[in-house]
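Summary of structural features
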Amino acid sequence: MLRVLACLSLFFFLVPVTYVRGPEPPANDSQYIALEPVMLDARDPDRTRIGRLEFLGGWKITSDNEEFGGISSMLALADNRFLMLSDNGTLVGFTLDEDNQAAVRPFIAPLPDGPAPPNEHAKKNWDSESFLHDPATGQFWVGYEHQHSIWRYGPSLARKESANFPKAMQKWPDNGGAEAMLHLPNGRFLVFSESADYSGGGYQALVFDGDPSEADTKARLMGYRGPEGYRLTDAVLMDDKTALMLHRRFTPIDGVSAILSIARLADFRPGTVATSIPVATLKPPVKVDNMEALAVTRDGDRVIVWLASDDNFNMLQESLLFKFRLLDAEDSAKRPRPGQKNEKAGASPGFSAFESE
């Protein structure tokens, strides 16, 4: 059944459909967001472990708002407040009330500005794929595909402050733009292409000496090679030495899967090819969809990992939000509790492996 659904999903991805319709009904701009709890593995309700991830909760997110869906990146702010960005330039915000399984103070609204259509006959195409926030200044950065650019917005996302169309990004594939973005502790920014080949292997990434939304900021090229057969969809700093990297894959035979891995910031240098070490693989029968959004929070000493999916505005897919605890190598090697299953993630070094540089 999963393979049948996967093939149907591929059909909607690849086959153009022509249809005739009457006048468009009024747009539904509902601000209500509903959460429905989901299990990690419906076939095994007691399952809580995948590699170095311990499942803490999961929700299916829905709304009648016509602009809802397509979640491509997200920010986890204070007090369980989430700000998600759709790949159509729509912001989705809510506070997660885990006790009542509810989205509190929800809103759904477009970004205040974005790339202009390429010509007078083209429609607006705010294909926003990556999202950053600086708590110190309140500023936000958004990376766009197709019209490859980096935009900076002021606090509260009230207005655009600057926009840059870096020359090095203009040769990237239309659908292979700024899929992920990192703001490093040294002030540099990293912008990752999903599918622009790097001559040394993997896919291209740009190392910006400063703010990538400013036209005079210099950028240098490097490569990033993720797990074989997978493409990067998001990245987030875990601390001042490491980053978590999210990857996805879709095939008609195996369906959709995702890999979460850890990379060293010291490896992100111009002219080199950085890699990462997988810590967990999400694949059926585990609940999984087109995982594109990644965020990290802290609960004391615990690292909490949040994953969200892009439903591609497709009725056969879902917008999911997962909450995991990232286990260290020692915890992940312990025998699971009775009735608890654990799937190995392959190489699983402790965080101490990243402390030498």
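Placed above this text is the structure.
The structure reproduced in this document is the subject of the present report. (Residues numbered from 1 in each chain as written. Predicted model: local features only at pLDDT ≥ 70, side-chain atom pairs only at ≥ 80, totals over all residues. Heavy atoms only, no water.)

1. Examining the overall build of the protein chain
Helices and strands together make up the secondary structure of the protein chain, namely two helices and 23 strands. Burial statistics for the protein chain: of 357 residues in total, 51% are counted as buried. A sequence separation of at least 24 residues applies to 54% of the contacts in the protein chain between residues at least 6 apart. With the model as given, the accessible surface of the protein chain reaches about 17000 Å², and the carbon-plus-sulfur share is 51%. (Helix = DSSP H or I, 4+ residues; strand = E, 2+ residues; numbered from the N terminus. Buried < 20%, exposed > 50% of the residue type's maximum accessible area, 1.4 Å probe, protein only. Contact = heavy atoms within 4.5 Å. Areas by Shrake-Rupley, 256 points an atom, 1.4 Å probe, with all protein chains shown as cover.)

2. Quick look at the sheet that holds strand β9 (residues 140–144)
Here four strands make up an open sheet; going across it, the order is β8-β9-β10-β11 and the pairing antiparallel. Only two strands of the sheet have a single partner each, and these edge strands are β8 (128–133) and β11 (160–164). Pairs of neighbouring strands in the sheet enclose a mean axial angle of 20°, with direction left out of account. As paired elements, strand β10 (residues 149–153) and β11 share four bridges and run antiparallel to each other. Directly across from Tyr153, in β11, lies its bridge partner Lys160. (Pairing = 2+ DSSP bridges. Axes fitted to C-alpha atoms, helices over the stretch in contact; angles between N-to-C directions.)

3. Considerations on the environment of Ala258
Inspection of the secondary structure assignment puts Ala258 in strand β18 (residues 255–264). A relative accessible area of 1% places Ala258 in the buried class. For the pair formed by Ala258 and Glu292, sequence separation is 34 residues and the distance between their alpha carbons is 9.0 Å. Discounting residues that sit within four places of it in the chain, Ala258 has contacts with Tyr230, Leu246, His247, Arg248, Ala280, Thr281, Leu282, Val288 and Met291.

4. Details of the sheet that holds strand β20 (residues 277–282)
Reading across the sheet, the four strands line up as β16-β17-β18-β20 and stay open at both edges, with antiparallel pairing between neighbours. Edge positions in the open sheet fall to β16 (231–237) and β20, since each of these has one partner strand only. Averaged over all pairs of adjacent strands, the angle between strand axes in this sheet comes to 20°, irrespective of strand direction.

5. With respect to the pairing of strand β3 (residues 53–62)
Buried residues dominate β3, accounting for seven of its ten residues. Pairing of strand β1 (residues 34–37) with β3 involves four bridges; the strand directions are antiparallel. Paired with Glu36 across the strands is Lys60, a residue of β3. Sheet topology places strand β2 (residues 49–50) next to β3; two bridges connect them, and they run antiparallel. When the sheet's bridge partners are listed, Ile50 is paired in β3 with Leu53. Between the antiparallel neighbours β2 and β3 lie two residues, among them Gly51 with a positive phi of about 55°. Note that β3 and strand β23 (residues 319–326) share eight bridges and pair antiparallel. Considered in β23, the bridge of Gly58 is made with Phe322.

Function cannot be read off these values alone, since they describe shape.
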